[in-house]
Amino acid sequence: MKRRMVKHVGLLALVLPLTACLDDDNDNKDVVAALEQQNALLEEQIKNEKEQNEQQAPVIVNSVTLYTSVVDAADYADAGPVIVHFKEGPMWREAIEFDTGEILITDIKPMSDYEMVISSPTDAFMRRAVFGKTQDSSTENSYQQLDAVMVSPPVQKSIKIINVNSDKAIDDLQLKAYSNIGEGGLSAETYAHPAIYDAATESYNFILPQDLDVIVYGSLDPDGDGEANYEIEYGAYDSYRHEFHFYASSMQPDAEIGVRSLQDDEPVTYTELQVRLSVLDENGNAVNAAEVAISDELNGELAAQFDAEQQQYVLDSKLNSSLSVNISAFESDGVFYGSSSVYIYPRDNGSFDITTSGNRYEYRYTSYATDGAIDLIIGPNQSSPTSALEVTAVADVSGANYQASIYYSSPIALLEGSTSLVQQDVWQVTYGNSDDNDLILPGTTAYRIVDVEVPHSAELMLNNTRLVLSSDLSLAEGYEYSYQVNEIEDSVATVRKNLYDDHVDFYSPVTSEFSIDDIVLDNRNYWSNGSELVPVNTAGIAANAYERRDSAYLHFPESIASLKNFTLSKVIIVEDGVAENSFSSYQIVSGGNIWISSALALPIAANENLVRDGNNYMATIRGTTLPEGRWYYVGVSSYINDDKESSENSITFDYSFETMDGEIKTGTITLSVM
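Keep in mind it's a predicted model, so treat the numbers as computed, not measured.

Colleague: Account for the sheet that holds strand β44 (residues 520-522), naming residues and giving values.
Modeller: Taken together, five strands build an open sheet; the order of strands is β44-β47-β54-β51-β53 and the sheet is mixed. Both outer strands of the open sheet, β44 and β53 (620-622), are each paired with one neighbouring strand and no more. Each neighbouring strand pair of the sheet contributes to a mean axis angle of 45 degrees, computed without reference to strand direction.

Encoded structure:
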């Protein structure tokens, strides 16, 4: 069509000048009129062809829609409203503001690199960048779900970097933390969190997301010559990049990181100090049976000499930032004494702070040196003879009452509270309207993950060298359990001892039979079949959840743990009555191992506050038809409405699963979207 239009334009260019020439010749008026009529016909033809071109069907360009949720890292609550700046390839789009944390970015080319920056219009959290690449798409519009983006408000954190050679702060390092998601390359530097050195506090200060445990990177090559100026004393280190790193959570108050200078011209400074230590027995008399020594980089292995006249242990030491004098356990006149230590810290005023451990006298005080010598005393605590008790064998759990046996090298005696049976990671939920006497207010639901003690029995056999443990109750399926042995008595040495290896961990297997009909397909939109699932929260306030399309998930009961293998394949999807083929495969269980995530389902209203009580975390699911409990789930990459009588929304799957007994079942199932 374009070639034809070009020819017509060229013809007009030739005809119009001729018309102008003939127009001056009155004898050729008829010819001029004929040419003008021809020009008009050509112009009309071009106009018609242009309209036909515009009416032709547009070329269909495949696109991808990204969607995700922005949640508070502290409690996983919706973090909306949010502002999203989106960059596709090299082009930034106009910023979009969303009222909630549910983000939807449309019309993105398949296989495109993208950069998404999420911020708060109210500065409720720090901005966070997400880098990634859209999936390939063979359809006009496909959906790609991203993992939830966790955000958090800002908090200041600090860290000191100390040169262990001189005990002075180092101020020339470059430290950065990164909170971006995905590999951003050089673009990630735009969103880095650099440290600023504060000379007054001799600390590197950061502004970081409060509840995100980001990684901090520090260069040990501050002059950039390719050679490290320092080496880290302890911690993770990349020798190729001359870079160390640590988690932001380690930046507690007064936290320090020690590095050692590699500069040959930086001498180690120290002070010579003679330590004269009196070791006293329970009657306050000096003893000479102890071994006293200093062991550090500056002094090497320095053993004390005993001054018989003064009844003191003498060490001619070198002191930098601190000094540790160690006294081994010993026996004197039939009395046993435990190990102990003396720690010496010099102060600017010439005094020394003294702290001790294993000392029955004052554990902390201030002392002074005279003529380069400091006199100290320590009274080690009395101790029982060393116990040789150890675990010789642990028998696996067996039987209906989960019996376990632990064998010891010599007879033992049980004390009160010596043994326990613990069920691990048990979820407990308290709803805001469940009890007027609890601390959970109406409108709030709290959950926590705790370890729960289970009644059990403990019995000694075989001359008290075998400890037999068993459960008094039937154990819940699908949980980890542990028989724990705490302090026991060594009957030979008559001392109490807590061994580290006399515990038995085991799993209570799932034996409930799995049914394919137990699978639930739910889009988590707080609605089902035209009805709001929980119309009011525990405070009686209407939820008014908006009925909408949302991401569909397959939810599986805990009984899938009884399977050896389980695979699903999506074959047909029906959206609002329109069916189309859609192929995706999902490995749910393989070799007896579950390959998908689990979460705690909570039947609460959309406006219910959900809080975690305690430090242990478990993912939660809300807005579904699922009853309270632990469910496994996987997304099916479908953004879809609820199924209704007036509008079918469903997905059909082919399935195949194998039980632990080797029985294989296959078939097809159609699941309505709840």
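Having seen the structure, we can now continue with the description.
Colleague: Let's hear about the nonpolar core: which residues, and what values?
Modeller: Core analysis: the largest hydrophobic core is formed by 27 residues, its most contacted members being Leu554, Phe556, Ile560, Phe566, Leu568, Ile588 and Phe653. Mapped onto this core, the elements with two or more residues apiece are β47 (550-556), β48 (563-575), β49 (578-590), β54 (629-640), β55 (650-659) and β56 (664-672). With residues up to four places along the chain from it excluded, the contact list for Ile588 reads Phe556, Ile560, Phe566, Leu568, Asn593, Ile594, Trp595, Ile596 and Val634. Among the nonpolar cores identified, the runner-up in size contains 25 residues, and Leu273, Leu319, Leu323 and Val342 belong to it.

Colleague: Explain the pattern of salt bridges to me, using residue names and the numbers behind them.
Modeller: All told, the structure shown has ten salt bridges when counted by the stated rule. Of the charged contacts in the structure, one is a salt bridge between Arg93 and Glu88, with a shortest N-O distance of 3.1 Å. Overall, Arg93 belongs to the partly exposed group, its relative accessible area being 28%. Since its relative accessible area comes to 14%, Glu88 is described here as buried. Among the salt bridges present, the one from Arg548 reaches Asp550, with a minimum N-O distance of 2.8 Å. Judged by relative accessible area, Arg548 falls into the partly exposed class, the value being 24%.

Colleague: Any details on empty space enclosed by the protein? Residues and values, ideally.
Modeller: Considering all chains together, one arrives at one cavity of 30 Å³ or more under this definition. In this structure, the largest cavity occupies an estimated 30 Å³ of space. Gly478, Tyr507, Val510, Glu558, Ala561, Arg630 and Tyr632 are the residues that line the largest cavity. Class assignment for the residues of the lining of the largest cavity results in four nonpolar, one polar and two charged.

Colleague: Any details on the packing of aromatic side chains? Residues and values, ideally.
Modeller: Counting across every chain of the model gives 20 aromatic pairs. Ring centres of Phe131 and Tyr191 lie 6.1 Å apart, and the angle between their planes is 55 degrees; this geometry places the pair in the tilted category. In this pair, Phe131 is assigned in strand β7 (residues 128-133) and Tyr191 in the loop between β12 (174-178) and β13 (193-194), connecting sequence segments 60 residues apart. One aromatic cluster is present, formed by Phe514, Phe556, Phe566, Tyr655 and Phe657 through successive ring pairs. One residue, Arg524, lies across the ring of Tyr553, its end atom 3.7 Å from the ring centre. Taking NZ or CZ as reference, Arg630 lies 4.9 Å from the ring centre of Tyr479, over its face.

Colleague: I'd like to hear about unusual backbone geometry, residue by residue, with values.
Modeller: Residue Pro81 follows Gly80 across a cis peptide bond; omega there is 0 degrees. Despite not being glycine, Asn544 has its phi angle at roughly 50 degrees, a positive value. Relative to the helices and strands, Asn544 resides in the loop between β46 (531-532) and β47. With a phi angle near 55 degrees, Ser637 is a residue other than glycine that sits in the positive phi range. Position of Ser637 among the secondary structure elements: in strand β54. Of the residues examined, Ser637 reaches a relative accessible area of 44% and is grouped as partly exposed.

Colleague: Run through the side chain of Thr444, naming residues and quoting values.
Modeller: Relative to the helices and strands, Thr444 resides in strand β37 (residues 444-454). The contacts of Thr444, once residues within four sequence positions are left out, are Thr430, Tyr431, Gly432, Thr538, Glu608, Asn609 and Val611.

Colleague: Please provide a residue-by-residue account of a negative patch on the surface, values included.
Modeller: Taken together, the side chains of Asp171, Asp172, Glu202, Asp223, Asp225 and Glu227 present a region of like negative charge at the surface. Along the chain, Asp171 turns up in the loop between β11 (168-169) and β12.

Colleague: Tell me about the side chain of Ser418, and please be specific about residues and values.
Modeller: When you line up the elements, Ser418 lands in the loop between β35 (412-414) and β36 (419-430). Reaching out from Ser418, the side chain makes a polar contact with the backbone nitrogen of Leu415 at a distance of 2.7 Å.

Colleague: Quick rundown of the pairing of β48? Include the residues and the values.
Modeller: Two elements, β48 and β55, share ten bridges in a ladder whose sense is antiparallel. Considered in β55, the bridge of Val574 is made with Ser650. Alignment of β48 against β49, held across nine bridges, turns out to be antiparallel. Considered in β49, the bridge of Ile572 is made with Asn581.

Colleague: Run through the environment of Val589, naming residues and quoting values.
Modeller: Tracing the backbone through its elements, the reader meets Val589 in strand β49. Val589 sits 69 residues away from Glu658 along the chain, and the two C-alpha atoms are 9.3 Å apart. Apart from residues no more than four positions distant in its own chain, Val589 is found in contact with Ile560, Leu563, Lys564, Asn565, Phe566, Ile594 and Trp595.

Colleague: Go over the sheet that holds strand β32 (residues 373-378), please, and point to the residues and values.
Modeller: An order of β24-β25-β21-β32 is seen for the four strands of this open sheet, with the pairing classed as mixed. Two strands close off the open sheet at either side, each with one partner strand: β24 (305-307) and β32. Along the sheet, successive strands turn relative to each other by an average axial angle of 35 degrees, direction set aside. Relative to strand β25 (residues 312-319), β24 is paired through three bridges, and the arrangement is antiparallel. Its bridge partner lying in β25, Gln305 is registered against Val314.

Colleague: Which residues make up the environment of Leu610, and what values do they have?
Modeller: Looking at where Leu610 falls in the secondary structure, it is placed in strand β52 (residues 609-612). Given a relative accessible area of 9%, Leu610 falls into the buried group. In this structure, the C-alpha to C-alpha distance between Leu610 and Thr444, residues 166 residues apart in sequence, is 5.8 Å. Those residues in contact with Leu610 that sit more than four places away from it in its chain are Asp75, Thr445, Tyr447, Leu602, Ile604, Thr620 and Arg622.

Colleague: Hey, could you go over the environment of Gln403 for me, with residue numbers and the actual values?
Modeller: Following the sequence through the fold, Gln403 ends up in strand β34 (residues 403-408). The class for Gln403 is partly exposed, based on a relative accessible area of 29%. Measuring from C-alpha to C-alpha, the distance between Gln403 and Tyr483 comes to 9.8 Å, with 80 residues separating the pair along the chain. Setting aside anything within four residues of it in sequence, one finds Gln403 in contact with Asp396, Val397, Ser398, Arg466, Val468, Leu469 and Ser470.

Conventions adopted
- Residues numbered from 1 in each chain as written.
- Predicted model: local features only at pLDDT ≥ 70, side-chain atom pairs only at ≥ 80, totals over all residues.
- Heavy atoms only, no water.
- Pairing = 2+ DSSP bridges.
- Helix = DSSP H or I, 4+ residues; strand = E, 2+ residues; numbered from the N terminus.
- Axes fitted to C-alpha atoms, helices over the stretch in contact; angles between N-to-C directions.
- Core = buried A, V, L, I, M, F, W, Y, C linked by side-chain atoms within 4.5 Å.
- Buried < 20%, exposed > 50% of the residue type's maximum accessible area, 1.4 Å probe, protein only.
- Contact = heavy atoms within 4.5 Å.
- Salt bridge = Lys/Arg side-chain N within 4 Å of Asp/Glu carboxyl O.
- 1 Å grid on protein atoms, 1.4 Å probe; cavity = no way out; pocket = protein on both sides within 12 Å on 5 of 7 lines; lining within 4 Å.
- Points joined across faces, edges and corners; volume = space filled by probe spheres on them.
- Nonpolar A, V, L, I, M, F, W, Y, C, P; charged D, E, K, R; others polar.
- Phe/Tyr/Trp six-rings, centres within 6.5 Å; stacked < 30°, edge-to-face > 60°.
- Lys NZ or Arg CZ within 6 Å of the ring centre and 35° of its normal.
- Patch = residues over 30% accessible without salt bridge, like charges linked within 9 Å, V, L, I, M, F, W, Y side chains within 5 Å.
- Areas by Shrake-Rupley, 256 points an atom, 1.4 Å probe, with all protein chains shown as cover.
- Lys, Arg positive; Asp, Glu negative; His and termini not counted.
- Charge placed at Lys NZ, Arg CZ, Asp CG, Glu CD.
- Polar contact = N/O pair within 3.5 Å; in protein donor to acceptor, adjacent residues only side chain to side chain.

This is a description of form; function is not addressed.
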